[in-house]
Amino acid sequence: MQGLMKAAILFEPGTIKILEREIPTPADDEALIRVKAVGLCGSDVHYYEHGKIGPYVVRKPIILGHESAGEIVELGKNVKNLSVGQRVTIEPGVTCGRCEHCKSGRYNLCPDVNFLATPPYDGAFCEYITIRSDFLFPIPDAMSFEEAALVEPFSVGLHAVRRGKLQAGETVVILGMGPIGLLAAAAAKTAGATKIIGVDLEEFRLEAALKLGATDVINLRKDDFGTRLSQLTEGKRADLAIETAGNPKALQSCLVGVRRGGRVVIVGLPPQEETGVNIPHIVDNEIDIYGVFRYSNTYKAGVEILSSGVVNLEDIITDRFTLDQVPEAFEKAIKEKSSTLKIVIHP
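Residues numbered from 1 in each chain as written. Predicted model: local features only at pLDDT ≥ 70, side-chain atom pairs only at ≥ 80, totals over all residues. Heavy atoms only, no water.

Visitor: Would you take a moment to explain the overall build of the chain for this structure?
Guide: Helix and strand counts for the chain stand at 11 helices and 20 strands. A principal-axis box enclosing the C-alpha atoms of the chain has dimensions of 65 × 40 × 35 Å. Residue burial in the chain is summarised as follows: out of 347 residues, 52% are buried. Here the analysis covers contacts within the chain between residues at least 6 apart in sequence; of these, 69% occur between residues at least 24 apart. Total accessible area computed for the chain in this model is approximately 15,400 Å², and 49% of it derives from carbon and sulfur atoms. Where the 38 positive side-chain charges of the chain centre and where its 45 negative ones centre are 3 Å apart. (Helix = DSSP H or I, 4+ residues; strand = E, 2+ residues; numbered from the N terminus. Buried < 20%, exposed > 50% of the residue type's maximum accessible area, 1.4 Å probe, protein only. Contact = heavy atoms within 4.5 Å. Areas by Shrake-Rupley, 256 points an atom, 1.4 Å probe, with all protein chains shown as cover. Lys, Arg positive; Asp, Glu negative; His and termini not counted. Charge placed at Lys NZ, Arg CZ, Asp CG, Glu CD.)

Visitor: Looking at this structure, how should I read the UniProt feature "domain: Enoyl reductase (ER)" (unreviewed entry) in the chain?
Guide: The UniProt record marks residues 14-345 with the feature "domain: Enoyl reductase (ER)" (unreviewed entry), using the residue numbering of this structure. Secondary structure content for residues 14-345 is 29% helix and 28% strand, and the end C-alpha separation is 18 Å. (UniProt positions renumbered as here; feature names shortened; annotations may be inferred.)

Visitor: So what exactly am I meant to see when it comes to the layout of surface pockets here?
Guide: Gaps between atoms show up when a probe of the same size as a water molecule is rolled over them. Estimated volume of the second largest pocket: approximately 340 Å³. Forming the boundary of the second largest pocket are 20 residues, of which Glu30, Leu116, Asp122, Thr130 and Ile131 lie nearest the centre. Of all elements in the fold, only strand E2 (15-22), strand E10 (114-115) and strand E11 (128-132) reach the threshold of two or more residues within the lining of the second largest pocket. For the lining of the second largest pocket, the per-class residue count stands at 11 nonpolar, three polar and six charged. (1 Å grid on protein atoms, 1.4 Å probe; cavity = no way out; pocket = protein on both sides within 12 Å on 5 of 7 lines; lining within 4 Å. Points joined across faces, edges and corners; volume = space filled by probe spheres on them. Nonpolar A, V, L, I, M, F, W, Y, C, P; charged D, E, K, R; others polar.)

Visitor: Hey, could you run me through the environment of Ala31 in this one?
Guide: Within the secondary structure, Ala31 sits in strand E3 (residues 30-40). Among the residues examined, Ala31 registers a relative accessible area of 0% and is labelled buried. In the structure, Ala31 is positioned 193 residues away from Asp224 in sequence and 52 Å away in space, judged by C-alpha atoms. Among residues more than four places away in sequence, those in contact with Ala31 are Pro26, Ile72, Glu74, Leu75, Ile129, Thr130, Ile131 and Leu136.

Visitor: Sorry if this is basic, but what is going on with the pattern of salt bridges here?
Guide: A side chain with one charge can pair with a side chain of the opposite charge if their charged atoms come near. Under the counting rule described, the total for this entry stands at 17 salt bridges. Its salt-bridge partner being Arg263, residue Glu170 comes within 2.6 Å of it at the nearest N-O pair. Taken together, the positions of Glu170 in the loop between helix H4 (151-163) and strand E13 (171-175) and Arg263 in strand E17 (residues 258-266) put the pair 93 residues apart, joining distant regions of the chain. Neither Glu170 nor Arg263 differs from the other in exposure class; each is buried. A salt bridge links Asp239 to Arg259, with the nearest nitrogen and oxygen atoms 2.7 Å apart. With Asp239 in strand E16 (residues 238-243) and Arg259 in strand E17, this pair connects stretches of sequence that are 20 residues apart. Taking the relative accessible area as the measure of exposure, Arg259 reaches 26% and is therefore partly exposed. (Salt bridge = Lys/Arg side-chain N within 4 Å of Asp/Glu carboxyl O.)

In structure tokens:
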């Protein structure tokens, strides 16, 4: 397929232009996708504001957006498992498939991953993208493209719950009710947690948490975390704490919020590289701490769960924009955080 497409291109922090680019041609093992929906992620906003995230620096113009879904319009000659016209969700991290991490199943740790919208690789705020066919997952007809795009952030929640070894009947506390925290609550619900406690500063987000799976919430503007958590758990505290806020104080709260022998999962990235923690407390209580880097082997389950209707993603999508409105979408995400959860772009 030849011709031009529109793309939202970040040139420097705060500057996105809508320009035309050549429609990409799929390699022999790739498919060409007409992009139908793309979620705006916090990492996209970070690149827009600061031009980098840790070691990943925007050195040349880049297309952002990695939470995406669409329709197959062309296949490379070696692709046999898919067909033109199929509706698919797109797993954005293409790994090598040969290293020890890929072969052991933890391919999210592959050192040679090409991840959409992570410099230097372009993302999906455009009309068409190509990607290797084994990172495409067909979706049922009843599943919307918006739901399919959000399989990506839901996968982070699924992976966090799996890393934390959450068992049916357990209590989990989640600090930070942004989109990842909300979807972690939904994942915890599907895993069988009986008490799911969402923690945040914004009442708007806590209301969404109760819709997405939380059984209880703690508003840090009104409640003392330790006191309220003790009340909600009858003094037992949580079996598992998940930190998604990227806040050092939230991490410290996680460590004191779990029972002896409890587990803590760290998803959020704080602005500073080092955070002080109480080592004697960790050792004395034998607390397990797990880091989460993206996800692995979650997409099939994510499609099945989200297409089943168990999780209502309408409760998390607050805004919708066209591709031409991408600059406005970023500004809204930055300036209206107290009323915005997930923004979806429709190319």
